[in-house]
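Residues per chain are reported as follows:
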Amino acid sequence: MSIDDTAGAAGPADNHAGDPADSPFRHEQTARDEAPQFVLPLVVRIEKAAPPTRTDALEAAARAVLVMLADERSTGDGEWALAMREWQDARIRKVVRRARGAEWRKASLLPGITVGGPAPEGVAEVPVAAEGPVFAPYAEVRVFPPVPLDGWPKELAKLQVSGTDLDDPADPPAAGPATPVLWLSPDVAMSAGKAMAQAGHGAQLAWWELSETDRKAWREAGFPLSVRTADPADWRQLISGGLPLVRDAGFTEIAPGSCTVVADHPALRR
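Only a predicted model underlies this, so the values are computations on that prediction, with no experimental measurement involved.

## Some remarks on the overall build of the protein
Line of reasoning, step 1. Per the secondary structure count, the protein includes 8 helices and 12 strands.
Line of reasoning, step 2. Here the protein, with 270 residues, has 54% of them falling under the buried criterion.
Line of reasoning, step 3. When contacts within the protein are restricted to residue pairs at least 6 apart in sequence, those whose partners lie at least 24 apart make up 80%.
Line of reasoning, step 4. Carbon and sulfur atoms make up 51% of the accessible area of the protein, which totals about 12,000 Å².

Given below as structure tokens:
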């Protein structure tokens, strides 16, 4: 899974972030590095008996970031608003950890929001054990309000960052033309956790770029989205097409400045 992730951006996202030279999504050293650093924790549920597919986990993580950004507790005078502002004033870091069984139940007691991806067609809920919880073998991700980089709650700090990866048993279907798509680079290999964080960055950039009307429509629809790996022949056009683009800061796994995700929302193509 991923460790610390910070995104960089090129294109329209810099307009939202204010002065591009001090954007929270640049991989170069900026004044934002002097601010107290916060992180948005995401925990993915991975039960041994039925782990989620990779694509479902990526989509649930992206959706969880959007749900957190849109939640009334994250804005105005909401109880999470100060933490959200402090997080967005510094580097935009997301950390993905994994949990199962009792670990997941303990994490679920902390303030946050659980997002579950849609169950694949024909999949029924599966009991883990007679005395255990019932769960579906698709992705559940819980997102928590930002915490200081070195101030994680103990229930989350002890969760594993690495050790389990996820796979797709078959290629996911093509995304519909009206569905927002977070296109992953075909050139950058990432663990499932790293890719989950990057998908979350892409979703956040799309949210920032949308008008209030388009944000409302996306939220009321339940934040439909797809995460897909771009065809190599299309990738260069995607990264040069003016859509929000995530560049990784290079703290883990991949080289600084690597282009990882293009956020392709239909409203941003107009």
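## Re the nonpolar core
Line of reasoning, step 1. Among the nonpolar cores identified, the biggest contains 51 residues, and Leu 42, Leu 182, Met 196, Trp 207 and Trp 218 are the most heavily contacted of them.
Line of reasoning, step 2. Elements with a contribution of two residues or more to this core: strand S2 (38-45), helix H2 (54-70), helix H3 (81-89), strand S4 (113-116), strand S7 (140-143), strand S9 (181-184), helix H6 (192-209) and strand S12 (259-264).
Line of reasoning, step 3. It is H2 that contributes the most residues to this core, 11 residues altogether.
Line of reasoning, step 4. The next biggest cluster of nonpolar side chains, apart from the first, holds 12 residues, and it includes Trp 104, Leu 110, Val 147 and Leu 159.

## Overview of the pairing of S12
Line of reasoning, step 1. Judged by how many residues are buried, S12 sits mostly within the fold: 6 of 6 residues are covered.
Line of reasoning, step 2. Sheet topology places S9 next to S12; 4 bridges connect them, and they run antiparallel. Within the sheet, the bridge partner assigned to Leu 184 lies in S12 and is Val 261.
Line of reasoning, step 3. In the sheet, strand S11 (residues 245-248) pairs with S12 via 3 bridges, with the strands oriented antiparallel. Pairing of Arg 247 across the sheet is with Cys 259, part of S12.

## A word on the pattern of salt bridges
Line of reasoning, step 1. Tallying each qualifying case throughout the model produces 7 salt bridges.
Line of reasoning, step 2. Between Arg 45 and Glu 47 there is a salt bridge, and its shortest N-O distance comes to 3.0 Å.
Line of reasoning, step 3. Look at Arg 45 and you get buried, because its relative accessible area is 8%.
Line of reasoning, step 4. What you see here is one network of salt bridges that share partners, running through Arg 45, Glu 47 and Glu 140.

## What about the packing of aromatic side chains?
Line of reasoning, step 1. This structure, assessed with the given rule, holds 2 aromatic pairs.
Line of reasoning, step 2. Plain terms: the ring middles of Trp 207 and Phe 223 are 5.7 Å apart, the flat faces sit at 70° to each other, and that makes the pair edge-to-face. Remark: Phe 223 occurs in the loop between helix H7 (212-220) and strand S10 (226-229) and Trp 207 occurs in helix H6; sequence separation between them is 16 residues. The same class applies to Trp 207 as to Phe 223, namely buried.
Line of reasoning, step 3. For the ring pair Trp 218 and Phe 223, a centre distance of 5.5 Å and an interplane angle of 75° mean the geometry is edge-to-face. Each member of the pair Trp 218 and Phe 223 is classed as buried.
Line of reasoning, step 4. Members of the aromatic cluster, joined through ring pairs, are Trp 207, Trp 218 and Phe 223.
Line of reasoning, step 5. Between the NZ or CZ atom of Arg 97 and the centre of the ring of Trp 152, over which it lies, the distance is 4.3 Å.

## Description of the packing of H6 against H7
Line of reasoning, step 1. Close contact between H6 and H7 brings their axes to 8 Å; oriented N to C, the two are set at 135°. In terms of orientation, H6 lies oblique with respect to H7. Facing Ala 206, Trp 207 and Trp 208 of H6, the residues of H7 in contact are Arg 215, Trp 218 and Arg 219.
Line of reasoning, step 2. Tallied by class, the residues present in the contact of H6 with H7 amount to 4 nonpolar, no polar and 2 charged.

Calculation notes
- Residues numbered from 1 in each chain as written.
- Predicted model: local features only at pLDDT ≥ 70, side-chain atom pairs only at ≥ 80, totals over all residues.
- Heavy atoms only, no water.
- Helix = DSSP H or I, 4+ residues; strand = E, 2+ residues; numbered from the N terminus.
- Buried < 20%, exposed > 50% of the residue type's maximum accessible area, 1.4 Å probe, protein only.
- Contact = heavy atoms within 4.5 Å.
- Areas by Shrake-Rupley, 256 points an atom, 1.4 Å probe, with all protein chains shown as cover.
- Core = buried A, V, L, I, M, F, W, Y, C linked by side-chain atoms within 4.5 Å.
- Pairing = 2+ DSSP bridges.
- Salt bridge = Lys/Arg side-chain N within 4 Å of Asp/Glu carboxyl O.
- Phe/Tyr/Trp six-rings, centres within 6.5 Å; stacked < 30°, edge-to-face > 60°.
- Lys NZ or Arg CZ within 6 Å of the ring centre and 35° of its normal.
- Axes fitted to C-alpha atoms, helices over the stretch in contact; angles between N-to-C directions.
- Parallel < 35°, antiparallel > 145°, perpendicular 65-115°, else oblique.
- Nonpolar A, V, L, I, M, F, W, Y, C, P; charged D, E, K, R; others polar.

Don't take any of this as a statement about function, it's just geometry.
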